[in-house]
Amino acid sequence: MALFALCMLPLSNVQAQESKIGFVSTERIFREAAPAKAAQSKIEQEFSRRDKELQDLAARLKAMSEKLDKDAAVLSDSDRVRRQRDLADMDKDFQRKQREFREDLNQRRNEELATVLEKTNKVIKQIAEAEKYDIVFQEAVYASPRIDITDKVLKALNK
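Residues numbered from 1 in each chain as written. Predicted model: local features only at pLDDT ≥ 70, side-chain atom pairs only at ≥ 80, totals over all residues. Heavy atoms only, no water.

Some words on the pattern of salt bridges
Side-chain pairs of opposite charge can arise whenever the charged atoms involved come near each other. All chains considered together, the criterion is met by 21 salt bridges. Close ionic contact of lysine 67 with aspartate 71 constitutes a salt bridge, the shortest N to O distance being 3.0 Å. One end of the pair, lysine 67, and the other, aspartate 71, are both in helix α3 (residues 34–71), four residues apart, so they sit about a helical turn from each other. Assessed through its relative accessible area of 44%, lysine 67 is described here as partly exposed. (Salt bridge = Lys/Arg side-chain N within 4 Å of Asp/Glu carboxyl O. Helix = DSSP H or I, 4+ residues; strand = E, 2+ residues; numbered from the N terminus. Buried < 20%, exposed > 50% of the residue type's maximum accessible area, 1.4 Å probe, protein only.)

Below, the structure is given as structure tokens:
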């Protein structure tokens with residue numbers, strides 16, 4: 001009997017010891033943290049000129065198309081074909097520039113978000129070590145507000 005009790009002692013310690021679990025909403029971090037907001041402003045400033053150029057090009061393209069539609073009845077066949085070709089070339093150029101803009105914007109956004117995520121992970125690790133968390137999740141289908149430490153992480157990031 002004493003041997004049985006001695007064997008059960010380690011199991012009772014395991015059951016008595018509870019894990020401390022935390023959760024951080026990455027979505028909220030990217031939306032509310034000061035470094036994320038700064039990154040968004042930086043990206044907007046960096047890409048605003050190109051965005052304006054694209055908007056201007058789209059407006060010129062639309063104006064040319066409307067003018068061609070309006071003038072098509074009075075234009076000679078050769079003039080109409082030439083203008084249609086110019087319009088098609090301008091549209092191809094616009095599509096290319098728009099695609100390059102989106103690709104560059106996405107790449108920069110990913111770079112900036114990676115930097116924010118790196119800072120966030122350092123803060124999460126510091127909080128987890130200081131408050132003795134066993135595990136902290138960043139993605140979950142559901143997380144109880146009781147284990148949500150997002151506000152603590154935001155507070156630390158916004159210092």
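Looking at a nonpolar patch on the surface
Together, Ile21, Ile135 and Phe137 make up an exposed nonpolar region whose accessible area comes to about 230 Å². Along the chain, isoleucine 135 turns up in strand β2 (residues 135–137). Among the residues examined, isoleucine 135 registers a relative accessible area of 37% and is labelled partly exposed. (Patch = residues over 30% accessible without salt bridge, like charges linked within 9 Å, V, L, I, M, F, W, Y side chains within 5 Å. Areas by Shrake-Rupley, 256 points an atom, 1.4 Å probe, with all protein chains shown as cover.)

Comments concerning the nonpolar core
Ranked by internal contacts, the top residues of the largest apolar core, which has 15 residues, are Val24, Ile29, Ala33, Ile149, Val153 and Leu157. When contributions to this core are tallied by element, the ones reaching two or more residues are α3, α4 (77–130) and α5 (150–157). With five residues, α4 is the single largest residue contributor to this core. Ranked by size, the runner-up nonpolar core spans twelve residues in total, among them Ile43, Leu87, Phe94 and Phe101. (Core = buried A, V, L, I, M, F, W, Y, C linked by side-chain atoms within 4.5 Å.)

Observations regarding the environment of glutamate 112
Structurally, glutamate 112 can be placed in helix α4. For glutamate 112, a relative accessible area of 11% gives the class buried. Along the chain, glutamate 112 and lysine 42 lie 70 residues apart, while their C-alpha atoms are 9.1 Å from each other. Ignoring any residue separated from it by four or fewer positions in sequence, one finds glutamate 112 in contact with Ala39, Lys42 and Ile43. At 2.8 Å, the side chain of glutamate 112 and the side chain of arginine 108 are in polar contact. (Contact = heavy atoms within 4.5 Å. Polar contact = N/O pair within 3.5 Å; in protein donor to acceptor, adjacent residues only side chain to side chain.)

Observations concerning unusual backbone geometry
The backbone of lysine 132 shows a phi angle near 60°, a positive value even though the residue is not glycine. For lysine 132, the position within the fold is in the loop between α4 and β2.

Side note on the packing of α4 against α5
Taken N-terminus to C-terminus, the directions of α4 and α5 make an angle of 115°; their axes are 10 Å apart at the nearest point. Like other packed secondary-structure pairs, α4 and α5 cross with a definite hand, here right-handed. Of α5, the residues touching α4 (which contributes Lys119, Thr120, Val123, Ile124 and Ile127) are Lys152, Val153, Ala156 and Leu157. Here the contact of α4 with α5 is built from residues that sort into six nonpolar, one polar and two charged. (Axes fitted to C-alpha atoms, helices over the stretch in contact; angles between N-to-C directions. Left-handed = near helix turned anticlockwise from the far one by under 90°. Nonpolar A, V, L, I, M, F, W, Y, C, P; charged D, E, K, R; others polar.)

Digging into α5
Taken as a whole, α5 has its buried residues at Thr150, Val153, Leu154 and Leu157. Along the axis of α5, the buried residues cluster in a sector spanning 100°; they form a single face. For α5, exposure combined with an orientation more than 90 degrees from the buried face picks out Asp151 and Lys155. Buried residues in α5 make contact with β1 (21–23), α2 (26–32), α3 and α4. (Arc of directions from axis to C-beta.)

The values reported here are purely geometric and, on their own, carry no functional implication.
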